[in-house]
Each structure stands twice: as C-alpha cells, then as structure tokens.
Amino acid sequence: MKTLKTLFTILFVALITFSCSSDDDTPDPIKYAEENPLDAYMAGSGFSQKAVDVKNSGIYEYGFSFKPTVTGKINALVVKIPDVNSALRITLWDAATKTVIKSETVNVATANVTVEKTITPIALTKDKEYFFTVNSDDWINRTKTDGSATTYPIVAGNITITGYAYISSTATETLFPTNIRNTYYAGDMTFKFQQTE
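Computed from a prediction, not measured in an experiment: that's the story for all the values here.

Caption draft 1: The sheet that holds strand E9 (residues 139–143), seen in detail. With antiparallel pairing, the three strands of this open sheet are ordered in space as E2-E9-E13. For this open sheet the edge positions go to strand E2 (50–54) and strand E13 (185–187), each flanked by a neighbour on one side alone. The mean angle between the axes of side-by-side strands here comes to 25°, regardless of whether they run parallel or antiparallel. Here five bridges tie E2 to E9, and the two strands are oriented antiparallel to one another. Note that in E9 the partner of Val52 across the bridge is Asn141.

Quick look at the structure:
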C-alpha cells in the first residue's frame, strides 16, 4: 500500500511538473526589428551622392513605389524637407488600383530636421505593390554626381523599391503620381517598417 501511495505521489508530482513546464515552454512570438529603407535606397540608387535643397517650387505629389518581400506593417512616418510645413500630407497608395489607403499629416516645425510620427500601424501584404508619397512644394533633390540614371528595382532590406514618380498638384488635391523618373529622387520621406510574419 505504501508503495502504491508513493507511486501515486510520484505520478501526481510528475503530472503537475509536466503541466507547468508545458506552459513555460511556449515560445515567445518573434518580434522583428523596425527598418527604414531610405538609406539602403539612396545607397543602392547612387542618389546619396548629391543633395540640393529645393524650396517653394510648385506643389507636387511625389514619392516611390515599393513591394515588401515579407508581410509586415508601417509603424511610423519619417520626413525631412528644407522648409517648415505644419500640415505636410503623406499618403500610402495601392499602386495597382491607384487608390489611397491612408493619408497622415505631419508637422515639420523646423527646416532640414528629421521628423518622425508614430501612427496606427498600417498592414502591408507581401509582394503587393504600394506607392508612398508626400504633397509639398519643398524637397531635397538627390542625384548621382554625374546625373546618370539608376536602375530599378532596388533592394532595401525587406522593402524593394520599384520606382519614383511625381505629378503637379495642389495643397488640397491628392493625385497619384504618373511622371516616372530614374535620374533623381525628391525627398526625404520614408517610413519605419516591421515584419510581422
């Protein structure tokens, strides 16, 4: 009887230990680091070689198209322009349908200072093409020193930049850019992307 009691006690302790350890063995979900594709885009395109400030030069909707190579989300918007703008509009588009997914306003209180705005995350689908634009009459014109063209696509971490374009606009219009250029990039605007799967 004593042996049977000891055996039950051992089984009970083992069952409780197994039950507790299985709760503790659940792996923590992977938390991926945020990434900003701008530096890799500038380096890969060669547009990091020369930068000229352009101010009050007509209003344009301008930016770059891209595809995430993994499923993820945009957590923040990042912008630097050579003038102040208390209502700088930044827009994310569905490139295939040319429709707005989300627009946000960023307050650029100081010229040539990087501003970051945390936003409600925007989910991005792997391999879907998006367009990321800003509406402004100010930008940093980035080119290669010799003015030559770059070749797209450009891999920037988990983001593949597929092109750059602009369109003449107004402060109240949100127009999809259709004038494609490969000899410069007007910026600086980008985002913080985080893989989720």
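Caption draft 2: Expanded view of unusual backbone geometry. The step from Tyr152 to Pro153 runs through a cis peptide bond, and the omega angle for that step is 5°. Relative to the assigned elements, Pro153 resides in the loop between E9 and strand E10 (154–156). With omega at 10°, the peptide bond leading from Gly187 into Asp188 counts as cis. Turning to its location among the elements, Asp188 is positioned in the loop between E13 and strand E14 (189–195). Not every positive phi belongs to a glycine, and Asn112 is a case in point at roughly 55°. Positionally, Asn112 belongs in the loop between strand E6 (99–108) and strand E7 (115–124).

Caption draft 3: Structural context of the pattern of salt bridges. Using the criterion set out here, one finds six salt bridges in the structure. Note that Lys192 is salt-bridged to Glu116, the shortest N-O span being 3.0 Å. Placement of Lys192 in strand E14 and of Glu116 in strand E7 is noted, with a sequence separation of 76 residues between them. With a relative accessible area of 43%, Glu116 lands in the partly exposed category. Note that Asp188 and Arg142 form a salt bridge whose closest N and O atoms lie 2.8 Å from each other. With Asp188 in the loop between E13 and E14 and Arg142 in strand E9, this pair connects stretches of sequence that are 46 residues apart. Comparing Asp188 with Arg142, the two get one shared label, buried.

Caption draft 4: Local environment of the sheet that holds strand E1 (residues 34–35). Pairing within the open sheet is antiparallel, and its four strands lie in the order E1-E14-E4-E7. In this open sheet, the two edge strands, each paired with only one partner strand, are E1 and E7. Two strands pair when backbone bridges link them, and strand E4 (residues 72–79) and E14 are joined in this way by seven bridges, in the antiparallel orientation. Across the sheet, Gly72 pairs through a bridge with Gln195, a residue of E14.

Definitions and cut-offs
- Residues numbered from 1 in each chain as written.
- Predicted model: local features only at pLDDT ≥ 70, side-chain atom pairs only at ≥ 80, totals over all residues.
- Heavy atoms only, no water.
- Pairing = 2+ DSSP bridges.
- Helix = DSSP H or I, 4+ residues; strand = E, 2+ residues; numbered from the N terminus.
- Axes fitted to C-alpha atoms, helices over the stretch in contact; angles between N-to-C directions.
- Salt bridge = Lys/Arg side-chain N within 4 Å of Asp/Glu carboxyl O.
- Buried < 20%, exposed > 50% of the residue type's maximum accessible area, 1.4 Å probe, protein only.

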